[in-house]
Amino acid sequence: MLPDTRAVSGVEVAGGPGEPVAARLRGKDLLGIAELTVGEIRLVLDTAEAMKEIAARPIKKVPALRGKTVINLFFEPSTRTRTSFEVAEKRLSADTLNIAASTSSVVKGETLADTALNLEAMSPDLMVVRHASSGACHFLSRICRAGIVNAGDGMHEHPTQALLDAFTIRGHKKRIEGLKIAIVGDLLHSRVLRSNVLLLTKLGADVWVSGPPTLIPPGIEQLGVRATTSVDEAVEGADVIMMLRIQLERMLGGYFPSLREYFTVFGMTAERVRRAKADVIIMHPGPMNRGVEIASEVADGRSSVILEQVSNGVAVRMAVLYLLAGGGEHETAA
Ligand code: CP
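Here is what the cut-offs are and how they apply
- Residues numbered from 1 in each chain as written.
- Predicted model: local features only at pLDDT ≥ 70, side-chain atom pairs only at ≥ 80, totals over all residues.
- Heavy atoms only, no water.
- Patch = residues over 30% accessible without salt bridge, like charges linked within 9 Å, V, L, I, M, F, W, Y side chains within 5 Å.
- Areas by Shrake-Rupley, 256 points an atom, 1.4 Å probe, with all protein chains shown as cover.
- Salt bridge = Lys/Arg side-chain N within 4 Å of Asp/Glu carboxyl O.
- Helix = DSSP H or I, 4+ residues; strand = E, 2+ residues; numbered from the N terminus.
- Core = buried A, V, L, I, M, F, W, Y, C linked by side-chain atoms within 4.5 Å.
- Buried < 20%, exposed > 50% of the residue type's maximum accessible area, 1.4 Å probe, protein only.
- Pairing = 2+ DSSP bridges.
- Axes fitted to C-alpha atoms, helices over the stretch in contact; angles between N-to-C directions.
- Right-handed = clockwise from strand over helix to strand, strands pointing away.

## Focus on a nonpolar patch on the surface
For step 1, the next point in the chain: Among the surface-exposed residues, Leu117, Phe139 and Ile143 lie close enough to one another that they form a single nonpolar patch of about 210 Å² accessible area.
For step 2, the next point in the chain: The topology assignment puts Phe139 in helix α4 (residues 136-143).

Set out below in structure tokens:
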């Protein structure tokens, strides 16, 4: 168990040696923010506070997941998510395996279901899955006994990214409710957008989204956000600016005339940042296209928390893994 015992938001996050875990996520999986209650989101964020403290120790390891096996199954490229899950698993003492699609039997034509069921035959406790198809993790959740953690499925959700983003915002602003948060970029293809909109609106933020009209999903206002094609309007008085990558690999058509023109009209420049509050924080989930959606002077500037997001990703993923696989039996959904 975690050696650090602390009561946060009335929840005893972690017991001492041998003590039971007082609160858990419902069910065996983390598939999306859509399935999480506000209480569960707060539980993850509060647990991540305790996990962050572990990273500051000389020995960055606790036995919370000793004897548990976690398989990281990535069918799409990843730098941050895959490595931070692996670091999180190792810090919790889980046994970890990494499987990339390019080195698996997927290249010989094996289906997603067969790959997952063959891995499941080796009795993992959790499988962390990234896949290009929206809904792939929900599908695996239905056929696998192991818990499934969504590490990004197509254009659907990227729940741990939204959780680490919320953790970073809360760390700087001490709250999320009532903040003006501008999310700017390729909204249409972004699972990060969807998970962040779901999470930030659940926690009461005033969320604005902005991008070219061709990259704004129709009906996005129904998720409780304000949409505008004017980046200047979106960032005016903002507490947080979150930039999204232009996902050229998911674009079949011409959504805007050129990258140079995109930067001129929608790129985050120092001049645009000055429209926001003086203590605005600049976020980007990565990977960044410098000079396309964000100027280097903004990405590397004093308001940028982009690398802090990466650090916080480890603590948040430790929290998710711990709340799914640590301690006793799962509570069943009501
Ligand atoms: N933010 C994010 O998902 O980055 P990776 O694609 O590198 O994992």
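## Things to note about the nonpolar core
For step 1, the next point in the chain: Leu92, Leu163, Ile169, Ile183, Leu199, Leu200 and Val209 are the most contacted members of the largest nonpolar core, which has 66 residues in total.
For step 2, the next point in the chain: Sort the elements by how many residues they give to this core and helix α11 (residues 306-325) lands first, with 11 residues.
For step 3, the next point in the chain: In this structure, Ala182, Ala238, Ile294 and Ile306 belong to the second largest nonpolar core, which totals 25 residues.

## What to know about the sheet that holds strand β11 (residues 281-283)
For step 1, the next point in the chain: Spatial strand order, β9-β8-β7-β10-β11: 5 strands in an open sheet with parallel pairing. The open sheet has two free edges, formed respectively by β9 (226-228) and β11, since each of these has just one partner strand. In this sheet, adjacent strand axes meet at a mean angle of 20° when their direction is disregarded.
For step 2, the next point in the chain: Pairing of strand β10 (residues 240-243) with β11 involves 3 bridges; the strand directions are parallel. Directly across from Ile241, in β11, lies its bridge partner Ile282.

## Here's the deal with unusual backbone geometry
For step 1, the next point in the chain: Here Gly286 and Pro287 are connected by a cis peptide whose omega angle stands at -10°.
For step 2, the next point in the chain: Counting through the fold element by element, Pro287 comes out in the loop between β11 and α10 (296-299).
For step 3, the next point in the chain: Located in the positive-phi region is Ser93, a residue other than glycine, with phi close to 70°.
For step 4, the next point in the chain: Relative to the helices and strands, Ser93 is located in the loop between α2 (80-91) and β4 (95-100).
For step 5, the next point in the chain: A residue is classified by how much of its surface remains accessible, and Ser93, at 16% relative accessible area, is buried.
For step 6, the next point in the chain: In this structure, Lys174 is a non-glycine residue whose phi angle is positive, near 65°.

## Re the pattern of salt bridges
For step 1, the next point in the chain: Counting across every chain of the model gives 15 salt bridges.
For step 2, the next point in the chain: With a closest N to O distance of 3.3 Å, Glu49 and Arg170 form a salt bridge. With Glu49 in helix α1 (residues 38-55) and Arg170 in helix α5 (residues 159-173), the pair connects residues that are 121 residues apart, well separated along the chain.
For step 3, the next point in the chain: As a salt-bridge pair, Asp300 and Arg290 come within 2.9 Å of each other at their nearest N and O atoms. In this pair, Asp300 is assigned in the loop between α10 and α11 and Arg290 in the loop between β11 and α10, connecting sequence segments 10 residues apart.

## Considering the sheet that holds strand β6 (residues 147-153)
To summarise the sheet geometry, strands pair through backbone hydrogen bonds and adopt either a parallel or an antiparallel arrangement.
For step 1, the next point in the chain: On the basis of which strands lie adjacent, the open sheet formed by 4 strands has the order β4-β3-β5-β6 and parallel pairing. Edge positions in the open sheet fall to β4 and β6, since each of these has one partner strand only. Sheet twist, expressed as the average angle between the axes of neighbouring strands with direction ignored, equals 15°.
For step 2, the next point in the chain: Where strand β3 (residues 69-74) and strand β5 (residues 126-131) come together, 5 bridges link them in parallel fashion.

## A few points about the pairing of strand β7 (residues 180-184)
For step 1, the next point in the chain: With 5 of its 5 residues buried, β7 lies for the most part within the structure.
For step 2, the next point in the chain: Where burial is concerned, the two faces of β7 agree: the one with Lys180, Ala182 and Val184 and the one with Ile181 and Ile183 are both buried.
For step 3, the next point in the chain: For β7 and strand β8 (residues 206-210), the ladder comprises 5 bridges, and the chain directions are parallel. Following the sheet pairing, Ile181 is matched in β8 by Val207.
For step 4, the next point in the chain: Read as a crossover between parallel neighbours, the route from β7 over helix α6 (residues 191-202) to β8 is right-handed.
For step 5, the next point in the chain: Inspection of the sheet shows β7 paired to β10 by 4 bridges, in the parallel sense. Looking at β10, one finds that Val184 is bridged to Met243.

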